[in-house]
Amino acid sequence: ATLCAVAGRGTPHRESAMVAAAFKQVHHATGVNDCVVAYLLSPIGGEGNGFDPTELELYGPDATNQGPAQPNVPQLVVAKGNVLEIFHVLVESEGQLKDLERAAQQEATRIDSENGINGVTSAKLELALRKSFMGTLVSLSVLRRHSGTARSTRDALVLAFETAKVTVLEYDPDGNDLRISSLHSFEGEELRAGRLQYVQPTILRGDPKGRCVAALVQGTHIAVLRAENDMFDDADDGEEDEGEDEDAQGRIIGAAIVASSYTIQLSALGIKAVRDIAFLYGYAEPVLAILHEELPTWAGRYSLRKDTCALSAISLNLEQQMHATIWTTTSLPSDSFRLTPALRPLGGGALVLASSTVWFVAQTGKCFVPSNEKGKVEHQAASAQPDRVGEAQTHDNDQTEQQSANTKTLVSLDLACSRVVFLCPDRGLLFTRDGSLAIIHLHHASGSSHVTSLSLSRAGSSVIASSACTIGTTPLFFIASRFGDSLLVQFTGKTKVDASGEPSIQPAKKLKLEDCDTLHGGSDDELEADLDDEELMLYGQGMSKESSHSKGHSLNTDSSLSVFRPEIAHDDVVAFTFLVRDSMTNVAPIVDFHMMQGVPTTGDNNQASGQQDVLALCGHRKNGSLAVLHESVRPASVIEVEFRDCTKMWAVYHEQSGTEEEPARLARDLPTHSYLILSGSSNSRILATGEELEEVSDVHDAFVSGPTVAAGNVLGRRMIVQVFEMGLLMLDGLSKVAQVSHAELGLGTGGTIVDAVVADPWIAVKLSDESVVIYEATDSSFTRLMPPDGQQSHFSGVSSFTLASTRRYGHGDSFLHELLAGMGSAQSNGVIGILMVGNKEGIMRVFSVPRLQAVGEYPRVQDMPRVLRCTLSSGQDAISNGHEAMETGQEALNEPGPEMAELCLHIPLKGTQTPFLLLRFTDGSIAAYKAFRIQRSRAPSLGFSRVGGEPILALSLQPSTGLTPNNDRMFVPYNHVGGQHGVVLCGPDSHWMMIRRGDLVIHPQQTDRIVAFTPFHNVNCAFGCIFYSAGGFLKICQLPPTFNYNTEWLTQKIPLRASPNCLAVQPQSSLVVAAVSYSVPPERKPPPPAPAAEDELPKPQYDWRQAHELLLLAGPQYDIVDRFQFEIGEHALVVRCVSLKGSDGTTREMYAIGTAFVGVEDQAVKGNITLVELVEDTESTEAGGDIGARHRFHHVLSKEIKGGVTAACSLEGHLVVAGASKILVFQLREKELSQISFFDAPIYTTTLNTVKNFILIGDLQQSVFFLRWKEENHTLTLLSQDFGGMEVTASEFVVDGSTLAMVVADNLNNAQIFAYMPQSQESWQGKKLLSKAEFYTGCSLSKFVRVKVMQGNFSHRSYAEKKDVNRYAGVFAGVDGSIGYIMPVEEAVARLLNDVTKLMSQHKAVNTLGLNARAYRLFKVQVVGRRRGAVGMLDCDFLWEYLHLPVPVQAELAEGVGCTRKELLSMLAILRKRTQWT
């Protein structure tokens, strides 16, 4: 393919330049930036008066004794990039959930970790809500319910954005969404004080009693958001606000709201240079502690002035908007950076974290504990100054000796960027930036709240935490991480009780692999020796990552009590144990990545045919790993056979009688399938599923002379029901038990069954007269269920229907079962069914089975609204959908929507078993909904909120005229397929809709189009599936077990346990080369002699240094097959796969590794360019095995480069190297590199990109340079450059037909597209690169990879091209784990879709949380006065919200830009099709 219109080695096309491009994130951020817990979706509950829920939430389990009410488990809110996710924390115990709090009053018991700790068997996260926003979130806090108000009040969520905007959100119970409670802007001139930029992000802190929220704005003002404290004064007036939820007593359940706001100027209080703020406990009024620096210092003055920070406590009078400083503590370390308030009864003070010390500061005094040698020096200097230690030293005569003893054995921790979470009032868990854990003990006298001293001790190792929080009163805490998987951990306080029943302190133990994690570990030498074993304390030994999701990972082999005993004081807790209960997979930060041809996990070469994998180096230090990601599902084929004429299939069980009453066994030991029923266009086949699939040749009673409409199991897998066009059969095995004949159906001549659904023990059939009939299966017959009087008309004129059963086979009652039972629905043997029917008018009705009682009615479903609300109970509820219709503009457009073609209600066998509703319409559109409960005083109702949206794009081009007839069902639910649950969409565009953590994630299957599908469990194919492909093959498959399916994309993480640096792959190979680094100590020196004086500090024995090495990994498991070591201190900066021409003219594929030796300031930096190639090991070749595992590194040559090598690439057979401030071109001659050309680069080259004979150079300060290489005279010529100045982090060429352009990313998270246009007057005769598009991406981009755009042409005549155009897009990866693309598109299409985004940003139906979506994408400038250019880039992230809008709004927006809804969906589908690389 031609990349640019160049004749030979000329210049790029000069007449036109790419002016239209599309930006989209296809894989969202995975790194968690912040987390909080709140009663956001449900109130704390209970009826205790005067009981503060914050004490219960932050105290620990002992707070359960303070009131009669038992609280609910709060929700966990996490922030990932520009996405908020709210999770339910599901705690499972041997009894009910409320027994978890009662465990605090029981005797300590020891239960094996596999069965749980003290009755808590598991705890996991399930997604409740996800909300994206077009803004940069900088802080997150909670406005808690006001102390003393009704316990039915929910908390509110407070968000602070980059531009000093604060949004208060509350939960909308009628819409199952977040809605705006209030908006606050603090960007006025009086606050900015002449500043043009926001130099300090806004910091939010919430008052523990819910009285206010404080925001540090611009670093100079405190904005106080005062909460409304009399919101329930009129709660008993009998008036109800529409859209509000109610509790059991009929009172309105609202949320905490902000009444007003005002600002405090800190300079008036003598406060400047604020580091952090926090609210303190134990005061009658809100008291805000402010950590600030009184007099700045720097390194040159540190010996004279180092204790420059102070802590000031300000009391806030919210009613009169007055404030006063009540106490101030000075002489805190200048490197203090974080405040953590102490809990009651030790409230009134706060922990102050510095890089080497931890301080406790209160009004009564202060004390501290050092964490390393530097802090110990400060301790010795402070010991000579009693005022430094304050009153904490004078209260106890033994204090000085105790504190001196605590500092003799240091934990050697660097506390910079660390944070603390209190597990109980006097014990805090500290997370350091290298992943170490430590326990901070606040020592205090018995019965006193005065802290006398601190102690610090190691507690193991974990992921590097970006935030952390405890989960209410449960013994759980959550570790949020940007560098590794975020963890939900259960903690246990351990005590040792002697024979008399009194607690006794355990002696200190050495930290061993098999030992408990004690608070007082061994010495520093022992900890360093066992440093690799610390991580096993969180995950256990020999446990896989997948098992942690179900059983948890024990921190040690001795699991014990999971909550504290109330009769034992917290000082008696001598140890903590931890158990990982759940985790969130994280692939951030992505350091380097590549795209390569997908590697099949089995011998099936067609498994990944035409698909690519994203290989990313992610993580940091011990969390470093190689991640393999792809979007599509690629089932591994076990066996496939050619087969003809198959439209449907079902795998059914056949168990012996007597197993129906054993639901627990059915859930634990899932039996294998007995028969496979295949339906063709004219007949059916029955296959026995033993060791092999064999067609049943014996005489049987199953129907095979025509097609089968539906089949399934009833009566606890004992019976088989087969539905065909002329009737129903019940089979015991293959022997007939009961039958419904054609005459019993009541149809005349020619009438048949056209559709059916089997849901144990009911069967719903649709007849050719568009009526639906329900049958219930008993042991020997079918019983027809008759609708109540007056409801018969609702079962005729049906266009689509579905039936679901709440029988869960031992998995417990589902969400739907509890809801229907609460609505008074009758049960059949403890089972409730739900029938949903839709007619041509767009009305969907819901009935409970077996009484066929109407429980819901949903009008205008064809509009695909965001929320489906029930309008059956009363006229008050019936008008709700009407109001939404008016809001969405439905009254302005009367365009009829598409009819419902298929309904599917799926109840997964996991989590809360929340059902999902899938709808397919006649125009091919797909809408997915998640059920939620609308609780009211009269009766609860069932609502559905919109989720998903990707299949809409594919099916909008291909209505129901594809591989599957319109009457056939395309949705096939499945459970237990590779441990996954969900729905498969059959047809011309097949998708897997997987349910993960309560969310519906949609993955395409692009290798084989599925015509028919069924789950299949067999001795030779455990928990697999069978599907019939469009190519005429019957395939038995399994999902590859190496991938994690609980992520947005299928992810496989290979741990490297080192910091990844750079990555290189060969295009057509499964071999991966990665450069990693890790810390190694030099040889130990003999210990120095004992110091002469006791206070003399010992000198360090050794320093840790960085070691770099190359790893060779072979797919598909990506095991390490070879290593290449560098010298100690030699840093690998770049690894590239290059094609070099030798002196004999042959081309050799090699790996070029650029390194640098970084010394001190008086040593010149030098480096090497090393060439290695891969060769097959002869010994491994003779032994056989995998081809990739036979390769080894072969060192070719190394050449020293002044200044180090920062970038490298190949150019027409030559090697281009960036060394210091020069670009060098080398030619390979035998075993040496000869320099043939050079170019003087500005400062520091960060990126090098080539296409044909053109080079793009990215500089750390001076933006980009565009060069041309001339082979004839071996010269590099500068064609053009950007004079704007930019710190380039990533760059690449993009191609649009005959046009060549350059996409560049900078350190301010911007992306620009440059064009070389010498004929333009603005280009200064071609010397200046013209910026054609400027765009703010919202994430820091680490790299671009050029990928060919897949073919796809727009069908509309105004935008159709005469022929396919070669396009190359730039696929990028962000440090937050996001993956996306910048792709050239047709200018007319981009202009039209850009107009759609303009209308969307102004439409009230688009919920943007009060943010300006278009202003968010404006180019961010660092130089004041720099003029912004045109945006020029299509924001597909915001455009994709169009798919989630109701049909009337979509039609209205399409009409506003002069086209139709169908044309817009077609354009989005083409854009989606062009980027389906993975």
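The preceding data block contains the structure.
These numbers come from a predicted model, not from an experiment.

> Whenever I open this one, the sheet that holds strand β20 (residues 338-341) confuses me. Can you help?
Hydrogen bonds between backbone groups are what pair the strands of a sheet, and the pairing can be parallel or antiparallel. Strand order in the open sheet formed by 4 strands is β20-β21-β22-β23, with antiparallel pairing between adjacent strands. In this open sheet, the two strands that pair with only one neighbour each are β20 and β23 (365-370). The mean inter-strand angle of the sheet, taken between neighbouring strand axes irrespective of direction, is 20°. Looking at chain direction, strand β22 (residues 357-362) and β23 are connected through 6 bridges and run antiparallel. Residue T357 lies in a different strand from β23, and its bridge partner there is P370.

> Explanation requested: the nonpolar core in the structure shown.
Grouped burial of nonpolar side chains is what soluble globular proteins tend to show. Counting residues in each nonpolar core, the largest one holds 53 residues, and the members touching the most others are F593, V1371, L1393, M1400, Y1442, L1464 and L1468. With 6 residues, the single largest contributor to this core is helix α15 (residues 1387-1402). In this structure, L1393 is in contact with L1434, L1439, L1464, M1467, L1468 and L1471, ignoring residues within four places of it in sequence. Of all hydrophobic cores here, the second largest spans 34 residues; its members include V628, C1025, F1027 and C1037.

> Would you mind going over α15 with me for this structure?
Residues separated by three or four positions in an α-helix point in the same direction, a consequence of the helix having 3.6 residues per turn. Taking 1.5 Å of rise per residue, the 16 residues of α15 would be expected to cover 22 Å, and the 23 Å separating its terminal C-alpha atoms lies within 8% of that figure. Listing the buried residues of α15 in full gives V1389, A1390, L1392, L1393, V1396, T1397 and M1400. Down the axis of α15, the sector holding all buried residues measures 165°, keeping them to one side. Buried residues belonging to α15 abut α16 (1413-1416), β91 (1433-1435), α17 (1436-1439), α18 (1447-1456) and α19 (1461-1474).

> Any chance you could explain the side chain of Q1006 here in plain terms?
Mapped onto the secondary structure, Q1006 falls in the loop between β63 (999-1004) and β64 (1010-1018). Within the structure, Q1006 has its side chain in polar contact with the side chain of Q611 (distance 2.9 Å).

> Even after reading the chapter, I still don't get the sheet that holds strand β36 (residues 612-618), so can you show me in this structure?
Pairing is antiparallel in the open sheet, where 4 strands are placed in the order β35-β36-β37-β67. A single partner strand is all that each edge strand has here, and the edge strands are β35 (590-597) and β67 (1050-1055). Neighbour to neighbour, the strand axes of the sheet diverge by 20° on average, direction disregarded. The pairing of β35 with β36 spans 7 bridges and is classified as antiparallel. Paired with Q597 across the bridge in β36 is Q612.

> Please explain the packing of α15 against α19 as it appears in this structure.
Helix-helix packing is described using two parameters, namely the angle between the two axes and the distance between the axes. The interhelical angle for the contact between α15 and α19, taken along N-to-C directions, is 115°, at an axis separation of 12 Å. Note that α15 runs across α19; the crossing there is left-handed. Residue-level contacts link V1389, L1392, L1393 and V1396 of α15 to L1464, M1467, L1468 and L1471 of α19. Here the contact of α15 with α19 is composed, by residue class, of 8 nonpolar, no polar and no charged.

> Looking at this structure, I do not really get the environment of D1376. What am I missing?
Along the chain, D1376 falls in the loop between β89 (1367-1374) and β90 (1379-1384). Excluding its chain neighbours within four sequence positions, the residues that come into contact with D1376 are A29, T30, G31, A588 and C1339. A polar contact of 2.7 Å, which involves the side chain of D1376, links it to the side chain of S1378.

What counts and how
Residues numbered from 1 in each chain as written. Predicted model: local features only at pLDDT ≥ 70, side-chain atom pairs only at ≥ 80, totals over all residues. Heavy atoms only, no water. Pairing = 2+ DSSP bridges. Helix = DSSP H or I, 4+ residues; strand = E, 2+ residues; numbered from the N terminus. Axes fitted to C-alpha atoms, helices over the stretch in contact; angles between N-to-C directions. Core = buried A, V, L, I, M, F, W, Y, C linked by side-chain atoms within 4.5 Å. Buried < 20%, exposed > 50% of the residue type's maximum accessible area, 1.4 Å probe, protein only. Contact = heavy atoms within 4.5 Å. Expected span 1.5 Å × (residues − 1). Arc of directions from axis to C-beta. Polar contact = N/O pair within 3.5 Å; in protein donor to acceptor, adjacent residues only side chain to side chain. Left-handed = near helix turned anticlockwise from the far one by under 90°. Nonpolar A, V, L, I, M, F, W, Y, C, P; charged D, E, K, R; others polar.

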